[in-house]
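# Structure at a glance
The lines below spell out each chain.
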Amino acid sequence: MTPRSVRITGWGMYAPERRLTNADLERVVDTSDEWIVTRTGIRERRIAARHETTATLAAIAGKRAIAVAGLQPDDIDVILVATLTPDYWMPSTGALVKEAIGNTRAAAMDVAAACSGLVYGYSVADAYLRSGMFKNALVVGSETLSRYLDFSDRGTCILFGDGAGAVVLSASDEEGGGAQGMELTTDPDGAYMIWLPSGGSRSPASGQTLARGEHYVRMEGKETYRYATKTMATTALKAIERAGWKPDDIDLFIPHQANVRIIESVAKGLGLPMEKMFVNLDRYGNTSAASVGIALAEAVDSGRIKVGDKIVLVAFGAGLTSGGIALEWTADPLNGKRAESVEPVATVREPIDWSSVDPIPDRLRQVLEGNSGPKVPLDDVVPGEPEPAPRDEVLA
Ligand code: UT7
């Protein structure tokens, strides 16, 4: 039977305890707190502990969202984990999360849409539920970006952080509520504006790719910025129009938390005051697929969202992807209190007879331990350059 509506019934987030401040970063790259705050709005970000992974962060946020929805783990029929920093290439992080939350019956998979991942995952879950195929879906955005960053590249390492945000979507027999308008776009013209060169079939990981630092995120910051300022506003507007609403009708925007200047330009583009934009990137940085989920959970739990509010989730990311969902809020915000019953721990089964290396990058570990080491020259590894500088020489 097809439902009358599909609504958010649960929300939850988890951010690792360890904070990496701008002052910490001043000790690894040629940057300053002043530059980072004025150019991005970011003051600190969280760093996953050695024992934590994308799956464990996702499991904690997921368990919280399930508790908020008033459900048991086995009530979930499908699990979608949006991430660009999976635990492994296979199995999917979704499969690991299924076991870690104690679910025995759901289908589980990953969504690869970078920072738009939670919005894309939401759209997939919404379609499953509207079709009548499933009743409850868990959608999680989770990232351990600190493991994929070059801590000698000041253009990227200051921006990103670790964390997870989740929603539970449930089919309902009541009319109204939930997503009313959506817009999803993918523009491969910008495929190499944010990318991770090696480890895929085009360039399998090898000693050479490692030496060239091709296992780290690379980004054309300025180009990405230009794209983001344009696309975030148009994507949000299309979703709003599909809902039959106007920008003025929206009570709160939950934008992808990449850069406060991008969010300001979205507000300006839509002719709205910044009070309508939820911002928490000062405390978490850009957590990619997790960012919209973390922001939504914080917005509800801090009293910024009430029943009947019109909300817009909007994101952009590598691909280049963008996604917007205009939705009507129906859940009692006080249900967020139920998340407090969930301990911030999760375990993912380890393979037998195998122990991974310490997952924290060397340069980051030095800062976390209080030793900064020598500053490295600016990274000259630019995408498309024929002979990027070997990492070992740069670090020597
Ligand atoms: O989820 C999507 C992920 N990506 C994004 O959201 C990225 C979008 N882009 C941005 O947010 C911005 O472009 C950045 C924050 C990455 C950079 O800000 P910007 O205002 O576009 O700076 P810029 O790249 O034009 O650089 C301006 C100057 C340059 O120096 P010169 O050439 O003017 O002497 C850079 O070398 O700032 C320098 N710079 C830095 N200085 C101190 C670049 N990064 C840093 C840094 N600290 N971390």
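Residues numbered from 1 in each chain as written. Predicted model: local features only at pLDDT ≥ 70, side-chain atom pairs only at ≥ 80, totals over all residues. Heavy atoms only, no water.

## Structural notes on the nonpolar core
Counting residues in each nonpolar core, the largest one holds 48 residues, and the members touching the most others are Leu20, Phe253 and Val312. Elements that contribute at least two residues to this core include exactly helix 7 (221-242), helix 8 (260-269), strand 12 (310-317) and helix 11 (362-368). Per-element tally for this core: the top contributor is helix 7, with six residues. When neighbours within four sequence positions are excluded, Phe253 is seen to be in contact with Ala236, Ile240, Leu270, Leu272, Lys276, Met277, Phe278 and Val312. In this structure, Ala15, Ala113, Tyr284 and Ala295 belong to the second largest nonpolar core, which totals 45 residues. (Core = buried A, V, L, I, M, F, W, Y, C linked by side-chain atoms within 4.5 Å. Buried < 20%, exposed > 50% of the residue type's maximum accessible area, 1.4 Å probe, protein only. Helix = DSSP H or I, 4+ residues; strand = E, 2+ residues; numbered from the N terminus. Contact = heavy atoms within 4.5 Å.)

## Some thoughts on the sheet that holds strand 13 (residues 321-328)
One open sheet holds the four strands; their spatial order is 8-13-12-11, and the pairing between them is mixed. Of all the strands in the sheet, the pair left with one neighbour each is strand 8 (178-186) and strand 11 (252-255). Each adjacent strand pair in this sheet contributes to an overall mean axis angle of 10°, direction not counted. For strand 11 and strand 12, the ladder comprises four bridges, and the chain directions are parallel. When the sheet's bridge partners are listed, Pro255 is paired in strand 12 with Val314. Sheet strands in contact with helix 5 (residues 117-131) are strand 8, strand 12 and strand 13, and its direction is about 130° off that of strand 8. (Pairing = 2+ DSSP bridges. Axes fitted to C-alpha atoms, helices over the stretch in contact; angles between N-to-C directions.)

## Side note on the side chain of Thr156
Relative to the elements of secondary structure, Thr156 occurs in the loop between strand 6 (136-144) and strand 7 (162-172). The exposure class assigned to Thr156 is buried, which follows from its relative accessible area of 1%. Separated by 3.0 Å, the side chains of Thr156 and Asp153 make a polar contact. Not counting the four nearest positions on each side in its chain, Thr156 is found in contact with Leu149, Asp150, Val217 and Met219. (Polar contact = N/O pair within 3.5 Å; in protein donor to acceptor, adjacent residues only side chain to side chain.)

## Some remarks on helix 2 (residues 33-40)
For helix 2, every residue scored as buried is listed here: Ile36, Val37 and Thr40. One face of helix 2 carries all of its buried residues, which in axial projection span an arc of 100°. Positioned one or two residues after helix 2, Gly41 has a phi angle of 90°, which is positive. (Arc of directions from axis to C-beta.)

## Some details on the confidence of the model for the chain
A low pLDDT score tells you not to read the predicted coordinates there in detail. Across the chain, the average pLDDT comes to 93, with 94% of residues at 70 or higher. Considering only residues more than four positions removed or in separate chains, one finds that residues 378-396, a stretch of pLDDT under 50, has 35 contacts. (pLDDT = per-residue confidence, 0-100.)

## Here's the deal with helix 3 (residues 54-68)
Given a rise of 1.5 Å per residue, 15 residues ought to cover 21 Å, and the 21 Å separating the end C-alpha atoms of helix 3 matches this to within 8%. Burial analysis of helix 3 places 14 of its 15 residues in the buried class, which makes it a mostly covered element. Remark: Gly70 follows helix 3 within two positions and exhibits a positive phi of approximately 75°. (Expected span 1.5 Å × (residues − 1).)

## Let's talk about the site of the ligand
Among the 20 residues in the neighbourhood of the ligand, the closest are listed as Thr31, Arg39, Lys222, Asn259 and Asn286. In the model, an oxygen atom of the ligand is placed 3.3 Å from a nitrogen or oxygen of the Trp35 side chain. Within the side chain of Arg39, one N or O atom sits 2.8 Å away from an oxygen atom of the ligand. Protein burial of the ligand: of its 950 Å² of free accessible surface, 74% is covered by the chains. Looking at the shell around the ligand, the elements that each hand over two or more residues are helix 2 and helix 7. Per element, the largest residue contribution to the shell around the ligand is four residues, and it comes from helix 7. For the shell around the ligand, the class distribution of residues is eight nonpolar, seven polar and five charged. (Near = heavy atom within 4 Å. Areas by Shrake-Rupley, 256 points an atom, 1.4 Å probe, with all protein chains shown as cover. Nonpolar A, V, L, I, M, F, W, Y, C, P; charged D, E, K, R; others polar.)

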